[in-house]
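Structural characterization, general
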Amino acid sequence: MSGETIILDGKKVADDIKEEIAEQVTKIVDQGGKRPHLAAILVGDDGASHTYVNNKIKSCKKVGFEYTLLNFPDSISENKLMSEIERINADDDIDGLIVQLPLPEHISSTKVTERIMPEKDVDGFTNLNYGKITSKNPGLMPATPYGIVELLKRYDIDILGKHCVMVGNSRTVGAPMSIIMSYHENATVTVCHIHTKNLEEHTKKADILIVATGKPGLIKGDMVKDGVIVVDVGITRIASDDAPRGYVLKGDVEFDEVAPKSSYITPVPGGVGPMTIASLLLNTLKASQSRAKGKVL
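Only a predicted model underlies this, so the values are computations on that prediction, with no experimental measurement involved.

1. What to know about the overall build of the protein chain
Scanning the protein chain for helices and strands turns up 10 helices and 11 strands. The C-alpha atoms of the protein chain give 19 Å as radius of gyration, which agrees with the globular expectation for 297 residues (19 Å, within 12%). C-alpha atoms of the protein chain, sized along the principal axes, occupy 55 × 40 × 35 Å. With 297 residues in all, the protein chain has 49% of them scored as buried. By sequence separation, contacts in the protein chain at least 24 residues apart represent 71% of the contacts at least 6 residues apart. When the accessible surface of the protein chain is summed, it comes to about 14000 Å², and 49% of that surface belongs to carbon and sulfur atoms.

The following block contains the structure:
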């Protein structure tokens, strides 16, 4: 491929967004408005979950949000957790709520998600917000797909009419991503997954390839065409004796093979992850502003 591959730097774009949000928060507070407030619930002591939540809390501090972190032992009952969610739903000072997944086996993540008030569901996972993706006036959009679209737009990538191949059909990324790209961005979308027969026949046709399967190195260099735009959502810890931490982070795309053929590509880490957090902040700001105006999202 002629031309230099451009790295889609999600960390830089997310930092830009945070600066923009911080400016808006300062303006809101200076005018006597309420500072946006995000609450996070963390159950258990999973190391990765703690890292994810801590990163979200740090981002809240950076943009000037109020934040509340509730950390419960993994022995908490489902009923007790539900009552805590109801308490936050009823708290008029809290604008957004996230419950970090995964949850212990005895707690239904589906029930927990649906207990969150849609107007405070800044992850965008409740059935109501999910359904609103197909309307012209969506509520709070699922955070990762929202972040991916924003990342592409910040690099002035034209999505209109492009062939987008989505590899992965999860409820959190693949399914809503395909709807957003086709319905809101007017791309032509093909949805695949790890069980798709002759997967490479589809990925080779992609102008924009988005991969979210959790299967490290699934997409090889011979599975894409020259000039493709690649968004790698996957991030998996792979044990490595050579790495200082004892592991390396690997995406669903073989970066060294695919990057030379790509016009744009996200790194892992530093691509989609920071954009997901930026989207949570954008959703929290939107929720706060809507509540201040007495509007229902």
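There's more to say after this.
2. Description of a nonpolar patch on the surface
Where nonpolar side chains cluster on the molecular surface, the patch consists of Tyr52, Ile235 and Leu249 and spans about 270 Å² of accessible area. A relative accessible area of 45% places Ile235 in the partly exposed class.

3. Looking at the state of the cysteines
Evaluation of the coordinates by the stated rule reveals zero disulfides. Here Cys192 stays unpaired: no disulfide links it, and the sulfur of Cys164, its closest cysteine neighbor, is 10 Å away.

4. Digging into the nonpolar core
Within the largest apolar cluster, 50 residues are counted, with the highest numbers of intra-cluster contacts made by Ile21, Leu152, Met181 and Ile210. No other element matches the eight residues that helix H10 (residues 272–292) contributes to this core.

5. Structural notes on the sheet that holds strand S6 (residues 188–192)
The six strands are arranged S1-S11-S8-S7-S5-S6 in an open sheet whose pairing can be described as parallel. For this open sheet the edge positions go to strand S1 (6–7) and S6, each flanked by a neighbour on one side alone. As paired strands, S1 and strand S11 (residues 262–265) are joined by two bridges and run parallel to one another. Note that in S11 the partner of Ile6 across the bridge is Tyr264. Set on the sheet, helix H7 (residues 174–184) makes contact with strand S5 (163–167), S6 and strand S7 (208–211); between it and S6 the angle comes to about 165°.

6. Considering the environment of Ser178
Examined against the element boundaries, Ser178 turns out to sit in helix H7. With a relative accessible area of 12%, Ser178 lands in the buried category. Each C-alpha atom, one on Ser178 and one on Ile194, is 16 Å from the other, the two residues being 16 residues apart in sequence. Contact partners of Ser178, with chain neighbours within four places excluded, come to Val189 and Val191.

7. Side note on the side chain of Ser288
The topology assignment puts Ser288 in helix H10. For Ser288, a relative accessible area of 6% corresponds to the buried category. A distance of 3.4 Å separates polar atoms of two side chains, one belonging to Ser288 and the other to Asp95. Ignoring anything within four residues of it in the chain, the contact list for Ser288 reads Lys34, Pro36 and Asp95.

8. So, the environment of Arg237
When you line up the elements, Arg237 lands in strand S9 (residues 236–239). For the pair Arg237 and Lys80, spaced 157 residues apart in sequence, the C-alpha separation works out to 32 Å. Each residue touching Arg237, except ones within four places of it in the same chain, is listed here: Tyr247, Val248 and Leu249.

9. As for H7
Buried within H7 are the following residues: Gly174, Pro176, Met177, Ser178, Ile180 and Met181. In this structure, the buried side of H7 is in contact with helix H5 (127–132), helix H6 (143–154), S5, S6 and S7.

10. As for the packing of helix H1 (residues 10–30) against H10
Direction vectors running N to C along H1 and H10 enclose 20°, while the axes themselves pass 8 Å from each other. The pairing of H1 with H10 is recorded here as roughly parallel in orientation. Seen along the crossing, H1 lies across H10 with a hand that is left-handed. Touching Gly10, Lys11, Val13, Ala14, Ile17, Lys18, Ile21, Gln24 and Ile28 of H1 are Pro274, Met275, Ala278, Leu281, Leu282, Leu285 and Gln289, all from H10. Of the residues assigned to the contact of H1 with H10, the class counts are 11 nonpolar, three polar and two charged.

11. Concerning the packing of helix H2 (residues 47–63) against H10
Relative orientation of the contacting elements H2 and H10 amounts to 55°, with a least axis distance of 10 Å. The orientation of H2 with respect to H10, classified from their angle, is oblique. Crossing of H2 against H10: the hand is right-handed. From H2, Asn55, Lys56, Ser59, Cys60 and Val63 reach across to H10, where they touch Ile277, Leu280 and Leu281.

12. Digging into empty space enclosed by the protein
The full count for this structure, using the stated rule, is one cavity of 30 Å³ or more. Size it by volume and the largest cavity reaches roughly 70 Å³. Elements with a minimum of two residues in the lining of the largest cavity: strand S4 (96–99) and helix H4 (109–115).

Rules used throughout
Per-chain numbering applies: the sequence of each chain, read as written, is numbered from 1 onward. This being a predicted model, a pLDDT of at least 70 is required before a residue's local features are given, and a value of 80 or more before pairs of side-chain atoms are given or counted; all residues contribute to the totals for chains, interfaces and linings. The side-chain values count all of the structure's non-hydrogen atoms but skip hydrogen atoms and water molecules. A helix here means a DSSP run of H or I that spans at least four residues, while a strand means a run of E at least two residues long, and both kinds are numbered starting from the N terminus. In this description the radius of gyration comes from C-alpha coordinates, and the expected globular size is given by 2.2 Å times residues to the power 0.38. With a 1.4 Å probe rolled over the protein chains alone, any residue whose accessible area is under 20% of its type maximum counts as buried; one over 50% counts as exposed, and the rest are partly exposed. Residues are treated as being in contact if the distance between any of their heavy atoms lies within 4.5 Å. Values of accessible area rely on a 1.4 Å probe in the Shrake-Rupley scheme; residue burial ignores everything except the protein chains shown. Each patch is built from residues lacking any salt bridge and having more than 30% relative accessible area; the joining distance is 9 Å for like charges and 5 Å for nonpolar side chains (Val, Leu, Ile, Met, Phe, Trp, Tyr). Salt bridge, as applied in this entry: a Lys or Arg side-chain nitrogen positioned within 4 Å of an Asp or Glu carboxyl oxygen. Only a pair of cysteine sulfur atoms within 2.5 Å counts as a disulfide in this structure description. To define a nonpolar core, start from buried Ala, Val, Leu, Ile, Met, Phe, Trp, Tyr and Cys residues and group those joined through side-chain atoms within 4.5 Å. By the convention used here, strands pair only if DSSP detects at least 2 bridges between them. The angle between two axes is taken between their N-to-C directions and runs from 0 to 180 degrees, where each axis is a line fitted to C-alpha atoms and a helix contributes only its stretch in contact. Nitrogen and oxygen atoms within 3.5 Å of one another constitute a polar contact, given that in protein one can donate a hydrogen and the other can accept it, and given that sequence-neighbouring residues count only through two side-chain atoms. These descriptions rest on fixed angle ranges, namely under 35 degrees for roughly parallel, over 145 for roughly antiparallel, 65 to 115 for roughly perpendicular, and the rest for oblique. Helix crossings fall into two classes, left-handed where the near helix is turned counterclockwise from the far one by less than a right angle and right-handed where it is turned clockwise. Nonpolar residues are Ala, Val, Leu, Ile, Met, Phe, Trp, Tyr, Cys and Pro. Charged residues are Asp, Glu, Lys and Arg, and all others, Gly as well, are polar. As defined here, a cavity is a set of points on a 1 Å grid over the protein atoms alone where a 1.4 Å probe fits but cannot get out. A pocket is an open set with protein on both sides within 12 Å along at least five of seven lines, and residues line them when an atom is within 4 Å of a point. Grid points are joined across faces, edges and corners, and a volume is the space filled by probe spheres set on the points.

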